[in-house]
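Descriptive analysis of the structure
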Amino acid sequence: MRCILDEDHRVVDVARQVRADVKAAVSTYLAQHDAAQPLTVRVVVSVTRTIRPAAREPA
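Everything quoted here is computed from the prediction, not taken from an experiment.

1. Looking at the overall build of the protein
Helix and strand content of the protein: 1 helix and 2 strands. For the protein, the α and β elements follow one another from N to C terminus as β-α-β. Of all intrachain contacts in the protein linking residues separated by at least 6 positions in sequence, the fraction that spans at least 24 positions is 67%.

2. A closer look at the pattern of salt bridges
Counted under the stated rule, the structure contains 1 salt bridge. Of the charged contacts in the structure, one is a salt bridge between Asp 13 and Arg 10, with a shortest N-O distance of 2.9 Å.

3. Re unusual backbone geometry
Unusually for a residue other than glycine, Asp 34 sits at a positive phi of about 50 degrees. Following the sequence through the fold, Asp 34 ends up in the loop between helix H1 (11-32) and strand S2 (47-51).

4. Description of the environment of Arg 19
Within the secondary structure layout, Arg 19 lies in helix H1. The exposure class assigned to Arg 19 is partly exposed, which follows from its relative accessible area of 38%. In the structure, Arg 19 is positioned 24 residues away from Val 43 in sequence and 6.0 Å away in space, judged by C-alpha atoms. Once you skip the residues sitting within four places of it in the chain, Arg 19 turns out to touch Val 41 and Val 43.

5. Remarks on the environment of Val 41
Among the secondary structure elements, Val 41 is positioned in the loop between H1 and S2. According to the relative accessible area criterion, Val 41 is buried, its value standing at 14%. Setting aside residues up to four positions removed in sequence, Val 41 forms contacts with Arg 19, Val 22 and Lys 23.

The rules behind the values
- Residues numbered from 1 in each chain as written.
- Predicted model: local features only at pLDDT ≥ 70, side-chain atom pairs only at ≥ 80, totals over all residues.
- Heavy atoms only, no water.
- Helix = DSSP H or I, 4+ residues; strand = E, 2+ residues; numbered from the N terminus.
- Contact = heavy atoms within 4.5 Å.
- Salt bridge = Lys/Arg side-chain N within 4 Å of Asp/Glu carboxyl O.
- Buried < 20%, exposed > 50% of the residue type's maximum accessible area, 1.4 Å probe, protein only.

In structure tokens:
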């Protein structure tokens, strides 16, 4: 997974949220298709970038 973050988010927090979202979506899909089995989801963060807001010019 590649992350582009603003200063208010930590990479680990975003990775945890993505993991939870993917696990929930896949678990739901498997249950709907009668294929529910134990599920492990691993999120690997390969690249991160932090976007900082541009400095405002004085008025």
